[in-house]
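Here is what each chain is made of, one letter per residue.
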Amino acid sequence: MDDSRETLGPKAFVTGFPVKHSRSPLIHGYWLKTLGLPGSYRAHEVAPAEFAGFIASLKDGSSGFTGGNVTIPHKELAYQLADCPDALSEELGASNTLWIEDGKLHATNTDGRGFTANLDERHPGWDQTGTAVIFGAGGASRAVIQAVRDRGLKNIHVVNRTLSRAQELADRFGAQVRAHAPEALNEVMSGAGLFINTTSLGMDGEAAPQMDFSPLASGAVVTDIVYVPLRTPMLIQAEQQGFATVDGLGMLLHQAVPGFAKWFGRTPDVDAELRALIVADMEKH
Ligand code: ATR
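Residues numbered from 1 in each chain as written. Predicted model: local features only at pLDDT ≥ 70, side-chain atom pairs only at ≥ 80, totals over all residues. Heavy atoms only, no water.

**Q** Could you clarify how one ought to interpret the domain arrangement of the chain in this entry?
**A** Note: interface size is frequently given as the accessible area lost on complex formation between the parts. The assigned domain composition of the chain is domain 1 (3-110 + 256-284) and domain 2 (113-249). The gap between the C-alpha centroids of domain 1 and domain 2 is 27 Å. Counting from both sides, the interface comprises 14 residues of domain 1 and, opposite them, 16 residues of domain 2. A buried area of about 1200 Å², summed over both sides, lies between domain 1 and domain 2, and 51% of it is on carbon and sulfur atoms. Its largest share of buried area at the contact with domain 2, domain 1 owes to Glu 91, Leu 92 and Arg 275, together 49% of the area lost on that side. At the junction of domain 1 and domain 2, the tally comes to two salt bridges. Here Asp 247 and Arg 275 are joined by a salt bridge, their closest N and O atoms 2.6 Å apart. Viewed at the interface, domain 2 and domain 1 are joined by eight residue pairs in polar contact (both at pLDDT 80 or more). Listing elements by their share of the side of domain 1 that touches domain 2, those giving two or more residues are α5 (87-92), α12 (257-264) and α13 (272-284). Top element by residues in the side of domain 1 that touches domain 2 is α13. It accounts for four residues. (Domains from an automatic or database assignment. Contact = heavy atoms within 4.5 Å. Buried area = accessible area lost by both parts, 1.4 Å probe. Salt bridge = Lys/Arg side-chain N within 4 Å of Asp/Glu carboxyl O. Polar contact = N/O pair within 3.5 Å; in protein donor to acceptor, adjacent residues only side chain to side chain. Helix = DSSP H or I, 4+ residues; strand = E, 2+ residues; numbered from the N terminus.)

So, in structure tokens, the structure goes:
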């Protein structure tokens, strides 16, 4: 029964290099199973030198895939090679979701939507603040800046160890976004309602700096896009200092929703069982 479901329906992939760490097959597999839909979703590793060929096989149909997700290091090339990247991808210069429609390869980027959907679920009203502080200016911060700006926040402060990287993002994302060096952290946090860590500080149990969140507005929320560990040092400190926190796992789950809907035709729910499944997997590895 399961076998025929897999061979009959649409076939989707996640590609990266390496890709075996990806939890996307677990997420989409859970939805296929619980919704009882035909189809499959699997990890498909593609080396950088082969990526253009892989995209060509998607476009001419010889891969057999309906679409899929793209992760590091292929997101930029996926955007460049797509026939029809949407406006979100275009501004970011990177795509994480591909699908064939009317014979063309379409591309979008769902990371920002994943970020906002997670906050909407866990801390509704987060967008009522005028001011957000985004710590970090790497690849992962881009979609977050875009999403927060598109939600209408007027003052978005990007703080980064390397100021030039923050400045590049401020230039890219418009007048609401300003760049700062870490020395300005206390000042820009003053009265902000949202603090977002996008740096790798505290990831995988590594040490994180001592943070003073007290300048934030009372009722502010602190979130981290790092989700390994689930309770990062930043979140623990924010909690200890009396702030609401939202972990980053929901961003991973919610960013998967639009792709699933495109490939398999149903919009899935991010429910507690799915979250528990991924948490259990994280505990195993
Ligand atoms: P990603 O694409 O996952 O965001 P990245 O491009 O390597 O990864 O960015 C990592 C972010 O963490 C950057 O903002 C980086 O700051 P720099 O731009 O100055 O490199 C930040 N980061 C990493 N280690 C850091 C540290 N020890 N102190 C402060 N910031 C750090």
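**Q** In this structure, what is going on with the nonpolar core? I would like to understand it.
**A** When a protein is soluble and globular, its nonpolar side chains tend to lie buried together. One finds Phe 115, Val 144, Val 148, Leu 194 and Ile 196 to be the most contacted residues of the largest nonpolar core, which totals 26 residues. Residue assignment for this core shows that the elements contributing at least two residues are α6 (111-122), β7 (131-135), α7 (139-150), β8 (155-159), α8 (163-173), β9 (177-180) and β10 (194-197). Once you skip the residues sitting within four places of it in the chain, Leu 194 turns out to touch Leu 119, Trp 126, Thr 129, Thr 131, Ala 132, Val 133, Leu 153, Val 221 and Thr 223. Listed in part, the 23 residues of the second largest apolar core include Ala 12, Trp 31, Leu 37 and Phe 260. (Core = buried A, V, L, I, M, F, W, Y, C linked by side-chain atoms within 4.5 Å. Buried < 20%, exposed > 50% of the residue type's maximum accessible area, 1.4 Å probe, protein only.)

**Q** Looking at this structure, how should I read the site of the ligand?
**A** Around the ligand, the neighbouring residues are Gly 136, Ala 137, Gly 138, Gly 139, Ala 140, Asn 160, Arg 161, Thr 162, Arg 165, Thr 199, Ser 200 and Leu 201. Between the ligand and Gly 139, the relevant distance is 3.0 Å, taken from an oxygen atom to a main-chain nitrogen or oxygen of the residue. Side-chain polar atom of Arg 161 to an oxygen atom of the ligand: 2.8 Å apart, as the coordinates give it. Protein chains shield 67% of the accessible area of the ligand, which is 640 Å² for the free molecule. Comparing atom positions with the cavity grids shows the ligand to sit within the second largest pocket. Each residue belonging to the shell around the ligand can be placed in one class, and the counts come to three nonpolar, seven polar and two charged. (Near = heavy atom within 4 Å. Areas by Shrake-Rupley, 256 points an atom, 1.4 Å probe, with all protein chains shown as cover. 1 Å grid on protein atoms, 1.4 Å probe; cavity = no way out; pocket = protein on both sides within 12 Å on 5 of 7 lines; lining within 4 Å. Sits in = over half its atoms within 2 Å of the grid points. Nonpolar A, V, L, I, M, F, W, Y, C, P; charged D, E, K, R; others polar.)

**Q** Is there a simple way to explain α13 in this structure?
**A** Turn by turn, an α-helix covers 3.6 residues, leaving residues three or four places apart pointing in a common direction. End to end, α13 covers 19 Å across 13 residues, agreeing with the expected 18 Å (1.5 Å per residue, within 8%). Restricting attention to buried positions, one finds in α13 the residues Leu 274, Arg 275, Ile 278, Asp 281 and Met 282. With its buried residues spanning 125° around the axis, α13 presents them on a single face. For α13, the exposed residues lying more than 90 degrees away from the buried face are Ala 272, Glu 273, Glu 283 and Lys 284. Tucked inside the fold, the buried residues of α13 contact α2 (24-35), α6 and α11 (249-255). (Expected span 1.5 Å × (residues − 1). Arc of directions from axis to C-beta.)

**Q** Is there a simple way to think about the packing of aromatic side chains in this case?
**A** Here the distance between the centres and the angle between the planes together describe a pair of aromatic rings. All told, the structure shown has ten aromatic pairs when counted by the stated rule. Pairing Phe 54 with Phe 65 gives two aromatic rings, centres 6.2 Å apart and planes at 70°, and the pair type is edge-to-face. Linking Phe 54 in helix α3 (residues 51-59) with Phe 65 in the loop between α3 and β3 (67-70), this pair joins segments that are eleven residues apart in sequence. The exposure class assigned to Phe 54 is buried, which follows from its relative accessible area of 7%. In this structure Phe 65 comes out as buried when scored by relative accessible area, which is 7%. Note on Phe 260 and Phe 264: the rings are 4.8 Å apart at their centroids and 50° apart in plane angle, and the pair reads as tilted. Taken together, the positions of Phe 260 and Phe 264, both in helix α12 and four residues apart, correspond to about one turn of that helix. Accessibility assignment for this pair places Phe 260 and Phe 264 in one class, buried. Ring pairs connect the aromatic residues Trp 31, Tyr 41, Phe 260, Trp 263 and Phe 264, which therefore count as one cluster. Here the guanidinium or amino end of Lys 11 rests over the ring plane of Phe 65, the centre of that ring lying 5.2 Å away. (Phe/Tyr/Trp six-rings, centres within 6.5 Å; stacked < 30°, edge-to-face > 60°. Lys NZ or Arg CZ within 6 Å of the ring centre and 35° of its normal.)

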